[in-house]
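# Summary of structural features
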Amino acid sequence: MSEDDYPAKPTSDDAFLNRTADEDDDDEGEEITAQKVLEFLETAWTNEMCAPDILQHQSDMLELMMGQVAHMEENMKDLDKNDFRFVVHQMELERIRYVMASYLRCRLQKIEMYTKHILNEESTRSTEEKRLSPEETKFAHEYYENTEECFQQVALQYMPNTQRSEADQRIVRPNLMSHVFVKANVSVPAVVVGVDDEVDLAAGSQHIIPYQLIADLIQKHQVQLI
């Protein structure tokens, strides 16, 4: 079997999707490769792991990567299992699966910890600004309802002086002012870090900054957490 018969590595530059770079201009498209999707997911994974708040979901990229992984698994079925190249490809696929599973697990942990806070925030956002995927939204609502029902049956019904309005006092919120390590992807001038303090973030520079002060820069992909 020649080398050309082996499937491309997950990080190859073989394009598997053409996506419009500017939705308002159908004539200008940006080629999205498997390598770029994987790099995007790895950055999203790191950001999610390091951010105290839940970030924008990346369901589309996950779906693309899972499709690519499934395609490669199909191509590898006829390969010699003892071939070193097969072992390398298999290890790389396991690494990609771990990144995707860890990313989703981290988001579910945040939803379970900050359920009501996240749902309250989601209710104030437009459709384009929603951070939860439809599946995550369904899970969050069901988890909250089941938790409240259990809490009511186990404790609240035996506490007659407890008012339902006190439910808001039980909301757990993330500490948005916790400090995070960030790396600037591009130059960002005049980032406010205090009442009268500003700092210029040079491209490639690294900083320790309260999360809330750079949260919008993460959403814009101008900085990333490390």
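Scroll up to find the structure.
Attention in this report is confined to the structure presented alongside it. Only a predicted model underlies this, so the values are computations on that prediction, with no experimental measurement involved.

## Focus: the overall build of the protein
Broken down by element type, the protein carries six helices and seven strands. Buried residues in the protein amount to 33% of all 226 residues. In the protein, the proportion of contacts linking residues at least 24 apart, taken out of those at least 6 apart, comes to 64%. For the protein, the exposed area adds up to about 14300 Å²; of that, 49% sits on carbon and sulfur atoms.

## What to know about the nonpolar core
By size, the foremost hydrophobic cluster in this structure holds 17 residues, and its most contacted members are Val 37, Leu 41, Met 65, Val 69, Ile 96 and Met 100. For this core, the secondary structure elements donating two or more residues are helix H1 (34–50), helix H2 (59–75) and helix H3 (84–113). Apart from the residues lying within four places of it in its own chain, the contact partners of Met 65 are Ala 34, Val 37, Leu 38, Leu 41, Ile 96 and Met 100. Ala 51, Leu 55, Leu 201 and Tyr 211 belong to the second-largest nonpolar core, a separate cluster that totals 16 residues.

## Brief notes about the packing of aromatic side chains
Considering all chains together, one arrives at two aromatic pairs under this definition. Measuring from ring centre to ring centre gives 6.0 Å for Trp 45 and Tyr 98, while their planes differ by 85°; the resulting arrangement is edge-to-face. Placement of Trp 45 in helix H1 and of Tyr 98 in helix H3 is noted, with a sequence separation of 53 residues between them.

## Section: the pattern of salt bridges
A full pass over the atoms with the stated rule returns twelve salt bridges. Note that Lys 77 and Glu 74 form a salt bridge whose closest N and O atoms lie 3.1 Å from each other. In this structure Lys 77 comes out as exposed when scored by relative accessible area, which is 53%. Overall, Glu 74 belongs to the partly exposed group, its relative accessible area being 47%. In the salt-bridge network here, residues are joined through shared partners; they are Glu 48, Arg 107, Lys 110 and Glu 136.

## Observations regarding H1
Compared with the 24 Å implied by 1.5 Å per residue over 17 residues, the 24 Å span of H1 between its first and last C-alpha is a close match. Every buried residue belonging to H1 is among Ala 34, Val 37, Leu 38, Leu 41, Ala 44, Asn 47 and Glu 48, and all of these are buried.

## Describing the side chain of Gln 58
With respect to the helices and strands, the residue Gln 58 is situated in the loop between H1 and H2. Those residues in contact with Gln 58, other than ones at most four positions away along the chain, are Phe 40, Ala 44 and Tyr 103.

## Things to note about a nonpolar patch on the surface
A cluster of nonpolar side chains, contributed by Phe 84, Val 87 and Met 91, occupies part of the molecular surface with about 340 Å² of accessible area. If you trace the backbone, Phe 84 turns up in helix H3. The exposure class assigned to Phe 84 is exposed, which follows from its relative accessible area of 64%.

## Here we look at the pairing of strand S4 (residues 188–192)
The pairing of S4 with strand S5 (residues 198–201) spans three bridges and is antiparallel. For Val 192, the partnering residue across the bridge sits in S5 and is Glu 198.

## Details of the sheet that holds strand S6 (residues 206–210)
Here three strands make up an open sheet; going across it, the order is S6-S3-S7 and the pairing antiparallel. Edge positions in the sheet fall to S6 and strand S7 (223–225), since each has one partner strand and no second. Within the sheet, the average angular offset between the axes of one strand and its neighbour, ignoring direction, is 40°. Strand direction decides the pairing type here: strand S3 (residues 179–184) and S6, joined by five bridges, are antiparallel. Paired with Phe 181 across the bridge in S6 is Ile 208. On top of the sheet, helix H6 (residues 211–219) reaches S3, S6 and S7; it is set at about 120° to S6, its chief contact.

Conventions adopted
- Residues numbered from 1 in each chain as written.
- Predicted model: local features only at pLDDT ≥ 70, side-chain atom pairs only at ≥ 80, totals over all residues.
- Heavy atoms only, no water.
- Helix = DSSP H or I, 4+ residues; strand = E, 2+ residues; numbered from the N terminus.
- Buried < 20%, exposed > 50% of the residue type's maximum accessible area, 1.4 Å probe, protein only.
- Contact = heavy atoms within 4.5 Å.
- Areas by Shrake-Rupley, 256 points an atom, 1.4 Å probe, with all protein chains shown as cover.
- Core = buried A, V, L, I, M, F, W, Y, C linked by side-chain atoms within 4.5 Å.
- Phe/Tyr/Trp six-rings, centres within 6.5 Å; stacked < 30°, edge-to-face > 60°.
- Salt bridge = Lys/Arg side-chain N within 4 Å of Asp/Glu carboxyl O.
- Expected span 1.5 Å × (residues − 1).
- Patch = residues over 30% accessible without salt bridge, like charges linked within 9 Å, V, L, I, M, F, W, Y side chains within 5 Å.
- Pairing = 2+ DSSP bridges.
- Axes fitted to C-alpha atoms, helices over the stretch in contact; angles between N-to-C directions.

Any functional reading would require information that these geometric values do not contain.
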